[in-house]
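# Fold and geometry: a report
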Amino acid sequence: MAQVKPEEPDIVSKALAKNRLGVPSVVFFGVAGAAPLTVIIGSITTIYAIIGSTAVPIAYLVTAGLLSLFTVGFVAMSRHIVNTGAFYSYISHGLGRIIGVGAAFVALPAYSLMQIGLFGLFGSVASGILGAFGFAVPWYACAIAAWFAVAILGLLWVDLSGKVLAVLLVLEIAVVLIYDIVMIGNPAGGHVTFSQFSPAPLATPVIGILLVLAIAGFVGFEATVVLSEEAKDPKRTIARATHIAVILAGVLCSVSAWAMSVNTGPDQIAARAAEHQTDLVFTLVGPHLPGFLVDIGYVLFLTSVFAALLAFHAAVSRYQFALGREGVLPAAWGRTHPRTGAPLLGSITQSVLAIIVLSLYALVGSDPLVFVFAWLTTIGGLGVLILMWAASAAVLAFFMKNRRGESIWKAYLAPALAFLLLTVVLAATCIGFGELLQVDGDSPFQWLIPALYLAVAVVGFIWAMIMRAARPEVYAAIGRGTEGRVSAVPDNPSMLRPLHADPVGARSGYPY
């Protein structure tokens, strides 16, 4: 019987539920994280109102193109690394374990803040809807109702959450398409214009802010890779699902942004958006649709936020699971529910953290839209953008060691272009972060949040070096997942002594 030496600890027994998700279910998680209806009704109208540019449709297409470019190398690597740790695992394999652990320390607060921030939006919207029916319910009570549902679903079978997301997203996309058809079918001045897709604004300074805000609307699509261990045939499922999620979200957002400006006229869209804000779409379609379809839109806006809550909860709990399984976090986080295969302590931890943060905001009396939703999701979005930037470098470094049968385009060119473009976007985001938070020029938040992410990453680097010195057998397993393979960038080759036989769960035929 094959023996597993201490240098390669068996971690396969601590596994998520396998073969639960097909391509459609994984796509639903990815698109749910991006929350297209939430972006269309909330983010796009806000961008029109604040920036005042008619280039929003082309900005979303360019962003979709950039993320599709990133996805080329990202999913190519997913065919060789199957790990629910996603960015953390890929960065560990491409750039080394120390940087990988630093990335994990960035990922945990980033995804957690994204999810908690969405509770503020859900509570505010739900409170407004109930208020329209004569029920005065505070935002916090509505947020707690959503919190309870997400906490329960997070402990159940992942395919059950996939089915919930499927129903919600099919309805959501259907309503988006109906609204777009109505707005395009009733153009200002009686004719449809395509000037909003002109590439000319891409050469102006405003495009930097537009791209930053547009990318924030896509955050969550990478949830597809987080579910890789629970997918059917993950090496194919994840690649297809990730590409579809990016393209679908990009097309929906771009077309909807264009449809709004067609209905109002390009010269009036900024003023109308500033006037009506998140009610803009409903105001535009209201005169042309039965009242119940407008009411359904409000409800689906709410369920869109709930779907994103569920997707981000799944992502952050699985990150914690991956880190616990590999010894970066205490081993208790690397265990799953005995019946459902859900990450047990990771899910509970995120739920407990969310209820604490929401309770603090409620006690202080902060505005849920500004200080819960806008602030926390923007801060979390910066963390995810940092992870994407590092992952693009990791993909390039990974394939530079060995192309592993991938084409030059997938292994080298696309990752290199994605890294260069994401570097520009990340730099623009950090420089203008105070503007994204809408704080004064002398506010410490101009630089504090990027500095805190850097500090968190440094703590991760230090923790990894401590692990390397004190627990080399655990350090050797970082980024290894269920595949029984070690990192492609060994920091200390003497630690990785050859085994007499493949470790439990290993697959033969890999060059490393």
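This structure is a prediction, so every number in the text was calculated from the model and none was measured.

Here the focus is the overall build of the protein chain. Scanning the protein chain from N- to C-terminus turns up 19 helices and zero strands. The proportion of buried residues among the 512 residues of the protein chain is 56%. At a minimum sequence separation of 6, the contacts of the protein chain that also span at least 24 residues come to 81%. For the protein chain, the accessible area works out to roughly 19,400 Å², and carbon and sulfur atoms hold 70% of it.

Here we come to helix H4 (residues 87-95). Spacing of three or four residues puts side chains on the same side of an α-helix, whose turn is 3.6 residues. Within H4, eight of the nine residues are buried, which leaves the element mostly enclosed by the surrounding structure. Those residues of H4 not exposed but buried are Phe87, Tyr88, Ser89, Tyr90, Ile91, Ser92, His93 and Gly94.

Each pair of packed helices can be described by the angle between their axes along with the distance between the axes. Axis separation between helix H14 (residues 344-364) and helix H15 (residues 368-401) bottoms out at 11 Å; the angle between their running directions is 135°. In terms of axis orientation, H14 runs oblique to H15. Residues Val357, Leu358 and Tyr361 of H14 touch H15, and the partners they reach there are Phe371, Val372 and Leu376. Taken together, the residues of the contact of H14 with H15 break down into six nonpolar, no polar and no charged.

Glancing now at unusual backbone geometry. A negative phi holds for most residues other than glycine; trans holds for most peptide bonds. A positive phi is found at Arg404, a non-glycine position, where the angle reads about 55°. Turning to its location among the elements, Arg404 is positioned in the loop between H15 and helix H16 (408-431). The exposure class of Arg404 is buried, given its relative accessible area of 14%.

A surface patch of nonpolar side chains, about 480 Å² in accessible area, is lined by Ile348, Val352, Ile356, Leu360 and Leu363. Tracing the chain through its elements places Ile348 in helix H14. For Ile348, a relative accessible area of 35% puts it in the partly exposed group.

This part takes up the confidence of the model for the protein chain. For the protein chain, the average pLDDT comes to 80, and 80% of its residues sit at 70 or higher. This model gives residues 1-21 a pLDDT under 50, and the stretch forms 67 contacts once residues within four places in sequence are excluded. Note on residues 484-512: pLDDT under 50 across the span, and 70 contacts to partners over four residues away in sequence or across chains.

Taking 1.5 Å as the rise per residue, helix H3 (residues 56-78) with 23 residues should run 33 Å; its terminal C-alpha atoms sit 31 Å apart, in good agreement. Of all the bends found along H3, the most pronounced is centred on Thr71 and spans about 30°.

We now examine the nonpolar core. Within soluble globular proteins, side chains that are nonpolar generally end up buried alongside one another. In terms of nonpolar packing, the biggest core is built from 139 residues, with Ile44, Tyr60, Phe70, Phe87, Tyr111 and Met260 touching the most fellow members. Here the element with the most residues in this core is helix H5 (residues 97-132); it accounts for 19 residues. Ignoring any residue separated from it by four or fewer positions in sequence, one finds Tyr60 in contact with Val39, Ser43, Ile44, Ile47, Leu213, Ala214, Phe218, Cys253 and Ser254.

Let us look at the environment of Val62. Residue placement: Val62 occurs in helix H3. Judged by its relative accessible area of 31%, Val62 is partly exposed. Spatially, the C-alpha atom of Val62 lies 9.2 Å from that of Leu202, the residues being 140 residues apart in sequence. Discounting residues that sit within four places of it in the chain, Val62 has contacts with Leu202 and Leu211.

Our focus in this paragraph is the packing of aromatic side chains. Applying the stated rule across the entire model yields 16 aromatic pairs. Measuring from centroid to centroid gives 6.3 Å for Tyr111 and Phe312, while their planes differ by 45°, and the two rings are tilted. Of the two residues, Tyr111 is situated in helix H5 and Phe312 in helix H13 (residues 291-325); the sequence distance between them amounts to 201 residues. Of the two residues examined, Tyr111 and Phe312, each falls in the buried class.

On to the packing of helix H6 (residues 139-153) against H13. Relative to each other, H6 and H13 sit at 40°, their axes nearing to 10 Å. When the axes of H6 and H13 are compared, the pair comes out oblique. Between H6 and H13 the crossing geometry is right-handed. Contacts from Ala146, Ala149, Val150 and Leu153 in H6 reach Phe306, Leu309, Leu310 and His313 in H13. Considered class by class, the residues forming the contact of H6 with H13 number seven nonpolar, one polar and no charged.

Residue position: Ser254 is located in helix H10 (residues 234-264). In terms of polar contacts, Ser254 uses its side chain to reach the backbone carbonyl oxygen of Pro57, at 2.9 Å. When near neighbours in sequence (up to four residues on either side) are disregarded, Ser254 contacts Pro57, Tyr60, Leu61 and Phe197.

The next thing to look at is the environment of Ser347. Turning to its location among the elements, Ser347 is positioned in helix H14. Counting along the chain gives 34 residues from Ser347 to His313, while the straight-line C-alpha distance between them is 7.2 Å. In contact with Ser347, other than residues within four places in its own chain, are Ala151, Gly154, Leu155, His313 and Ser317.

Looking now at the side chain of Arg404. An unpaired buried charge is present at Arg404: no salt bridge exists, and Glu406, the closest side chain of opposite charge, is 8.5 Å distant. For Arg404, the side chain forms a polar contact with the main-chain oxygen of Phe398, separated by 3.1 Å.

In this section: the environment of Trp258. Along the polypeptide, Trp258 turns up in helix H10. On the accessibility criterion, Trp258 (10% relative accessible area) is buried. The spacing of Trp258 and Phe194 is 64 residues in sequence and 8.1 Å in space, taken between C-alpha atoms. Among all residues touching Trp258, those that are not within four sequence positions of it are Tyr48, Pro57, Ile184, Val192, Thr193, Phe194, Gln196 and Phe197.

Calculation rules
Residues numbered from 1 in each chain as written. Predicted model: local features only at pLDDT ≥ 70, side-chain atom pairs only at ≥ 80, totals over all residues. Heavy atoms only, no water. Helix = DSSP H or I, 4+ residues; strand = E, 2+ residues; numbered from the N terminus. Buried < 20%, exposed > 50% of the residue type's maximum accessible area, 1.4 Å probe, protein only. Contact = heavy atoms within 4.5 Å. Areas by Shrake-Rupley, 256 points an atom, 1.4 Å probe, with all protein chains shown as cover. Axes fitted to C-alpha atoms, helices over the stretch in contact; angles between N-to-C directions. Parallel < 35°, antiparallel > 145°, perpendicular 65-115°, else oblique. Nonpolar A, V, L, I, M, F, W, Y, C, P; charged D, E, K, R; others polar. Patch = residues over 30% accessible without salt bridge, like charges linked within 9 Å, V, L, I, M, F, W, Y side chains within 5 Å. Salt bridge = Lys/Arg side-chain N within 4 Å of Asp/Glu carboxyl O. pLDDT = per-residue confidence, 0-100. Expected span 1.5 Å × (residues − 1). Bend = angle between axes of the 7 residues up to and from the residue. Core = buried A, V, L, I, M, F, W, Y, C linked by side-chain atoms within 4.5 Å. Phe/Tyr/Trp six-rings, centres within 6.5 Å; stacked < 30°, edge-to-face > 60°. Left-handed = near helix turned anticlockwise from the far one by under 90°. Polar contact = N/O pair within 3.5 Å; in protein donor to acceptor, adjacent residues only side chain to side chain. Lys, Arg positive; Asp, Glu negative; His and termini not counted.

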